[in-house]
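Results of the structural survey
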Amino acid sequence: MSGPSPSPRDPGLQPERTRLAWRRATLSSTVTAVLAVKAAVHGAGGRTSAAGIVACALCCGLWLAFLLLAHRRIRSLAAVATPAPLAPRHATSVVLCTVATAACAVALVI
């Protein structure tokens, strides 16, 4: 005797909220990159330094990587009604981009 079959999962608005969260994260990453450029151009004493330019370039590269990863996830969330879970490799890449960007920001401030 088997019970009633479980109904398919109704994700509701969860995929839309997740897409919006990725967009907010992308926006905050963009603001971080812009502030890094500002800090590198207007360094200590109004002078730019080679280390500041390198940190700024690295921060901008990390921003581009984060942007590509987030865009891929946003597209995958919009493609189907029930999206696949975030792959561990993808999640690790996003975390590494975020932590590396924070390290570059610290290097620019110090």
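Anything mentioned here points back to the structure above.
This write-up is about the structure you can find in this document. (Residues numbered from 1 in each chain as written. Predicted model: local features only at pLDDT ≥ 70, side-chain atom pairs only at ≥ 80, totals over all residues. Heavy atoms only, no water.)

**Observations regarding the overall build of the protein**
Scanning the protein from terminus to terminus reveals 3 helices and 0 strands. Along the protein, from the amino end to the carboxyl end, the secondary structure elements read α-α-α. Put simply, the protein has 110 residues, and 24% of those count as buried. Accessible area of the protein: about 7,700 Å², with a carbon and sulfur share of 69%. (Helix = DSSP H or I, 4+ residues; strand = E, 2+ residues; numbered from the N terminus. Buried < 20%, exposed > 50% of the residue type's maximum accessible area, 1.4 Å probe, protein only. Areas by Shrake-Rupley, 256 points an atom, 1.4 Å probe, with all protein chains shown as cover.)

**With respect to the side chain of R73**
Relative to the elements of secondary structure, R73 occurs in helix 2 (residues 50-79). Within the buried set, R73 has no salt-bridge partner at all; the shortest N-O distance to an opposite charge, 15 Å, is to E16. (Lys, Arg positive; Asp, Glu negative; His and termini not counted. Salt bridge = Lys/Arg side-chain N within 4 Å of Asp/Glu carboxyl O.)

**Observations regarding the side chain of T101**
Mapping T101 onto the fold places it in helix 3 (residues 88-109). We classify T101 as buried; its relative accessible area is 10%. The contact partners of T101, leaving out residues within four places of it in the chain, are T32, C59 and L62. (Contact = heavy atoms within 4.5 Å.)

**What to know about helix 1 (residues 14-41)**
Given a rise of 1.5 Å per residue, 28 residues ought to cover 40 Å, and the 41 Å separating the end C-alpha atoms of helix 1 matches this to within 8%. Each element contacted by the buried residues of helix 1 is listed here: helix 2 and helix 3. (Expected span 1.5 Å × (residues − 1).)

**Comments concerning helix 2**
When the terminal C-alpha atoms of helix 2 are compared, their 43 Å separation across 30 residues agrees well with the 44 Å that a helix rising 1.5 Å per residue should span. Of all the positions in helix 2, only G52, A55, C56, C59, L62, F66, L69, A70, R73, I74 and L77 are classed as buried. Its buried side turned inward, helix 2 meets helix 1 and helix 3.

**Things to note about the nonpolar core**
Ranked by internal contacts, the top residues of the largest apolar core, which has 16 residues, are W22, F66, V94, C97 and L108. Elements supplying a minimum of two residues to this core: helix 1, helix 2 and helix 3. Top element by residues in this core is helix 2. It accounts for 9 residues. (Core = buried A, V, L, I, M, F, W, Y, C linked by side-chain atoms within 4.5 Å.)

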